[in-house]
Amino acid sequence: MTFVSFPTVRMRRLRFNSVLRKLVRENFISPERLILPLFVRSGKGIRQPIPSMPNQFQLSLDEFAKEISEAVSLGLGGVILFGIPDVKDAIGSDAMSDTGIIAQAIRVAKDVSQDKLLVISDVCFCEYTEHGHCGVLREDSSGKTELDNDATLENLVRQVIVQSRAGVDMVAPSAMIDGMVGWIRRGLDGEGFENIPIMSYSAKYASAFYGPFREAAESTPKSGDRRSYQMDPAASAAQALREIQLDINEGADIIMIKPALAYLDIIKLAKEHFDGIPIAAYNVSGEYSMVKAAAERGWIDEKLIVQETLTAISRAGASIILTYWAKDIARSL
Ligand code: PBG
């Protein structure tokens, strides 16, 4: 075979004008595949800015309702909700109550959106517990405090049932508790919610990129960290595949990799290994804040950076992207 090269081949031929460049493009961002994270709290008329995340807010339900109608009119695929309760306790009771903040938010979102976007709930306890860990704590045999995996499973099921009764369209367990997807699937099925899909945070790393989110959701652990349940960033990539495989076996309908940017290799690997199941990626708070901070100083062009970033996440293999820029992107498209 002869290797055809310059001057027969000129790669620039297909780059000469924008119509041509668009013709040969293969990676697209569209609003219907974006999911906007929203933080909800009690009160009225509250749009409390989150200092480390410019243009993101803790919203009271009335303000939240406005946000939902805007998300609908921009054609977003969905919203993912995080509740900030008035009262936190050891087990995160507010998340398991039909009158808790997340149940209320789901009802409002469903009411406003009228099935024109997906109302997705994050399923976890870190925002609802006073200690800030993702489930129930216990003392192990040596007297050390640890996250009680199996007791947390039962509470995660209570949480998704409350969310489902409130009308949620999809649940997104993010606690990285072993067995959570299977328990949640059986729990939902047992209550007649067999058609509610599970988007699992399958490969979720113990990442410093969640820093700003923890300010937003008031969920920083009071002591210790999440390294005994979230993945070690330095673990083998094969471990991520194992986590994903387990979630698929347990009934995950969509798998998620989080954070997105430092883990594009994992997204790509997941796409190669599990083509046929939708892959989501979470463009997390730290990724957002870094760009915002540099843009505020005029050091980078935010709009172009965001387009390039989301394109990279999509090119790596994620068809669904959770991003705080969802509205801005939809507006600019
Ligand atoms: C857990 C949860 C977290 C994020 C989404 N779901 C925080 C954590 O695991 O510490 C982080 C999202 C972000 O950083 O944007 N409820």
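This one's a predicted model, so the numbers in the text were calculated from it and none came from an experiment. (Residues numbered from 1 in each chain as written. Predicted model: local features only at pLDDT ≥ 70, side-chain atom pairs only at ≥ 80, totals over all residues. Heavy atoms only, no water.)

J.: Looking at this structure, how should I read the packing of aromatic side chains?
T.: Each aromatic ring pair is summarised here by two numbers: the centre-to-centre distance and the angle between the ring planes. Within this structure, the stated rule accounts for nine aromatic pairs. Relative to Tyr-324, the ring of Tyr-282 lies with its centre 6.1 Å away and its plane at 45°, an arrangement referred to as tilted. One end of the pair, Tyr-282, is in strand β11 (residues 279-283); the other, Tyr-324, is in the loop between β12 (320-323) and α11 (326-332), and 42 residues separate them in sequence. The exposure classification of Tyr-282 matches that of Tyr-324, with both residues buried. By way of ring pairs, the aromatic residues Phe-39, Phe-82, Tyr-201, Phe-213, Tyr-282, Tyr-288, Tyr-324 and Trp-325 are connected into one cluster. Between Lys-204 and the ring centre of Tyr-201, over which it is positioned, the NZ or CZ distance is 5.2 Å. Here the guanidinium or amino end of Lys-258 rests over the ring plane of Tyr-282, the centre of that ring lying 5.1 Å away. (Phe/Tyr/Trp six-rings, centres within 6.5 Å; stacked < 30°, edge-to-face > 60°. Helix = DSSP H or I, 4+ residues; strand = E, 2+ residues; numbered from the N terminus. Buried < 20%, exposed > 50% of the residue type's maximum accessible area, 1.4 Å probe, protein only. Lys NZ or Arg CZ within 6 Å of the ring centre and 35° of its normal.)

J.: Looking at this structure, how should I read unusual backbone geometry?
T.: Peptide bonds are mostly trans, and most non-glycine residues show a negative phi. With an omega of 10°, the peptide bond between Phe-6 and Pro-7 qualifies as cis. Relative to the helices and strands, Pro-7 resides in the segment before α1 (18-23). In this structure, Pro-259 follows Lys-258 across a cis peptide bond, with omega equal to -5°. Tracing the backbone shows Pro-259 in the loop between β10 (254-258) and α8 (264-273). Positive phi values are uncommon outside glycine, yet Glu-218 reaches one of about 50°. Along the chain, the position of Glu-218 falls in the loop between α6 (211-217) and α7 (237-250). Residue classification places Glu-218 among the partly exposed residues on the basis of a relative accessible area of 43%.

J.: Would you mind showing me how to read the site of the ligand here?
T.: For the ligand, the set of nearby residues contains 19 residues, the closest of which are Lys-204, Arg-214, Lys-258, Ser-285 and Tyr-324. Separating a nitrogen atom of the ligand from a side-chain N or O atom of Glu-127 is a distance of 3.0 Å. One of the side-chain nitrogen or oxygen atoms of Gln-230 is found 2.8 Å away from an oxygen atom of the ligand. Taken by itself the ligand offers 410 Å² of open surface, and the protein chains cover 100% of this. Elements with a minimum of two residues in the shell around the ligand: β9 (199-204) and α6. Broken down by class, the residue content of the shell around the ligand amounts to 10 nonpolar, three polar and six charged. (Near = heavy atom within 4 Å. Polar contact = N/O pair within 3.5 Å; in protein donor to acceptor, adjacent residues only side chain to side chain. Areas by Shrake-Rupley, 256 points an atom, 1.4 Å probe, with all protein chains shown as cover. Nonpolar A, V, L, I, M, F, W, Y, C, P; charged D, E, K, R; others polar.)

J.: Which parts of the structure should I look at to understand the environment of Ser-42?
T.: Residue position: Ser-42 is located in the loop between β1 (34-41) and β2 (47-49). Residues Ser-42 and Leu-117, spaced 75 residues apart in sequence, show a C-alpha to C-alpha distance of 23 Å. The residues touching Ser-42, leaving out its near neighbours within four places in the chain, are Ser-60, Ile-84, Asp-86 and Ile-101. There is a polar contact of 2.6 Å between the side chain of Ser-42 and the side chain of Asp-86. (Contact = heavy atoms within 4.5 Å.)

J.: Please clarify how the environment of Arg-186 should be interpreted in this entry.
T.: Within the fold, Arg-186 resides in helix α5 (residues 180-190). Of the residues examined, Arg-186 reaches a relative accessible area of 55% and is grouped as exposed. Linking Arg-186 and Glu-250, residues 64 residues apart in sequence, is a C-alpha distance of 9.4 Å.

J.: I tried to follow the side chain of Gln-58 on my own but got confused; where do I start?
T.: By the secondary structure assignment, Gln-58 is in strand β3 (residues 57-60). The class of Gln-58 is buried, set by a relative accessible area of 5%. In terms of polar contacts, Gln-58 uses its side chain to reach the side chain of Arg-41, at 3.3 Å. A distance of 3.1 Å separates polar atoms of two side chains, one belonging to Gln-58 and the other to Glu-218. The residues touching Gln-58, leaving out its near neighbours within four places in the chain, are Phe-39, Arg-41, Ile-46, Arg-47, Gln-48, Ile-50, Ile-84, Glu-215, Ala-216 and Glu-218.

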